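# Summary of the model geometry
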Amino acid sequence: NDSSACSRSCPTAPCPSVPSRHGAVKAEDTFKTSPFHLDLWFYFTLQNWVLDFGRPIAMIILPLEWFPLNKPSAGDYFHMAYNVITPFLLLKLIERSPKTLPRSMVYVSIITFVMGASIHLVGDSVNHRLIFSGYQHHLSVRENPIIRNLKPETLIDSFELLYYYDEYLGHSMWYIPFFLILFIYFTGCFTPVAEQSRMPVAALLLMGPSSLYYWYLVTEGQIFILYIFTFFAMMALVMHQRRKGLVLDSNGLFLFCSFVIALLLIAAWVGWLWDDKILRKKYPGVIYIPEPWAFYTLHMNNLHAAKEGF
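Residues numbered from 1 in each chain as written. Predicted model: local features only at pLDDT ≥ 70, side-chain atom pairs only at ≥ 80, totals over all residues. Heavy atoms only, no water.

## Some details on the UniProt feature "transmembrane region" (unreviewed entry) in the protein
- According to UniProt, the positions carrying the feature "transmembrane region" (unreviewed entry) are residues 77-94, 106-123, 174-194, 201-217, 223-240 and 252-274.
- Each end of residues 252-274 is marked by a C-alpha atom, and these two atoms are 33 Å apart; helix forms 91% of the span and strand 0%. (UniProt positions renumbered as here; feature names shortened; annotations may be inferred. Helix = DSSP H or I, 4+ residues; strand = E, 2+ residues; numbered from the N terminus.)

Here you go:
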């Protein structure tokens, strides 16, 4: 058979046609192509906008008597649905890759993603409920009027711990595996056929909402460094594969272009708010990228008046 023939001809080299215990595949499997995943990309974009971006909006606009402050809000239920649906869609995306990908890494990333998103669910739920008590997102925890007057002062430390779980630990465990899975999928999106490096009209229509969501994800999640490193890794991979005569297929091109447009939106956002002194104080580091919800509470809404309205 093929394997015995391969062993006789070269006994010291592994036969490319026989999978090894590490999941090796035929060389030609690398060059299999797949059509544009319109259904998955559409569901992915839709649930991102509804269940992630729509979380705080649903919490604010729905009547408070429906969701008392000591109970989960509508946004919390959105977040719970997001924590279930997003890992499922990511797994389906990996399954459709034309290349066999490292499943152990994918599974560990999905588990970590769910843990991080769940941690964020708790912290974000409390922090957004504080809005109805006058909490202002453009101020630090200790600078907020409703926080700095707490007695005993050790309670302030507890709120800072909550903020740490929400904005740092939760975000890291959520977004690092999220972008890692996207990059792992991206490694399989190459083809030697130039004609397959074209996006259908549906992909072009989806690119706008997809790019805008990545802008929101990076700015609100404060994950620009993670995002830019992922983007640089994608660029490096594209240039490396181009030397081999490979180009991005329609799915890879859609993902890459979405990242490019999102980067341009981030640059425009930073340029627009470059001279905002209050937000500059909130984000004093070298990388200045204000959060959209901090901008909202500072410039677009009087949340104290909203509280009195309830």
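On we go from here.
## Quick word on the nonpolar core
- Ranked by size, the top nonpolar core spans 67 residues in total, and within it W41, F178, F186, Y214 and F259 carry the most contacts.
- Sequence-distant contacts of F186, that is, excluding residues within four places in its chain, are made with M234, L237, V238, L248, G252, L255 and F256.
- Ranked by size, the runner-up nonpolar core spans six residues in total, among them Y135, V141, I156 and Y163. (Core = buried A, V, L, I, M, F, W, Y, C linked by side-chain atoms within 4.5 Å. Buried < 20%, exposed > 50% of the residue type's maximum accessible area, 1.4 Å probe, protein only. Contact = heavy atoms within 4.5 Å.)

## Re helix 8 (residues 224-243)
- Across its 20 residues, helix 8 extends 29 Å between first and last C-alpha, which sits within 8% of the 28 Å expected from 1.5 Å per residue.
- Residues of helix 8 that are buried include every one of Y227, I228, T230, F231, M234, L237, V238 and Q241, and no others.
- Among the structural elements, helix 6 (154-186), strand 1 (190-191), helix 7 (201-221), strand 2 (247-248) and helix 9 (250-272) are those in contact with the buried residues of helix 8.
- Remark: G245 follows helix 8 within two positions and exhibits a positive phi of approximately 85°. (Expected span 1.5 Å × (residues − 1).)

## Considerations on the packing of aromatic side chains
- What the rule picks out here adds up to 34 aromatic pairs.
- Seen from their ring centres, F53 and Y216 are 4.8 Å apart, and the 85° between their planes marks the pair as edge-to-face. Here the residue F53 occupies a position in helix 2 (residues 38-61), and Y216 occupies one in helix 7, the gap between them amounting to 163 residues.
- Judged by centre distance (5.4 Å) and plane angle (90°), the rings of F178 and F179 are edge-to-face.
- When the ring centre of W274 is taken as reference, the NZ or CZ atom of R280 above it lies at 4.1 Å.
- Sitting over the face of the ring of Y288, R280 holds its NZ or CZ atom 4.1 Å from the ring centroid. (Phe/Tyr/Trp six-rings, centres within 6.5 Å; stacked < 30°, edge-to-face > 60°. Lys NZ or Arg CZ within 6 Å of the ring centre and 35° of its normal.)

## Quick word on the packing of helix 2 against helix 4 (residues 103-129)
- Their axes nearest at 11 Å, the elements helix 2 and helix 4 cross at an angle of 35°. Considering how the two elements wind past one another, helix 2 and helix 4 form a crossing that is right-handed. Contact residues: R55, P56 and M59 in helix 2; H120, D124, H128 and R129 in helix 4.
- Among the residues forming the contact of helix 2 with helix 4, the class breakdown is two nonpolar, two polar and three charged. (Axes fitted to C-alpha atoms, helices over the stretch in contact; angles between N-to-C directions. Left-handed = near helix turned anticlockwise from the far one by under 90°. Nonpolar A, V, L, I, M, F, W, Y, C, P; charged D, E, K, R; others polar.)

## Brief notes about helix 3 (residues 74-95)
- Here helix 3 is 22 residues long and its end C-alpha atoms lie 32 Å apart, about the 32 Å a rise of 1.5 Å per residue gives.
- Residues A74, G75, D76, H79, Y82, N83, T86, P87, L89, L90, L93 and I94 constitute the buried set of helix 3.
- In this structure, the buried side of helix 3 is in contact with helix 2, helix 4, helix 6 and helix 7.
- Of the residues that open helix 3, the one with a side-chain oxygen 3.3 Å from the backbone nitrogen of G75 is S73. (Polar contact = N/O pair within 3.5 Å; in protein donor to acceptor, adjacent residues only side chain to side chain.)

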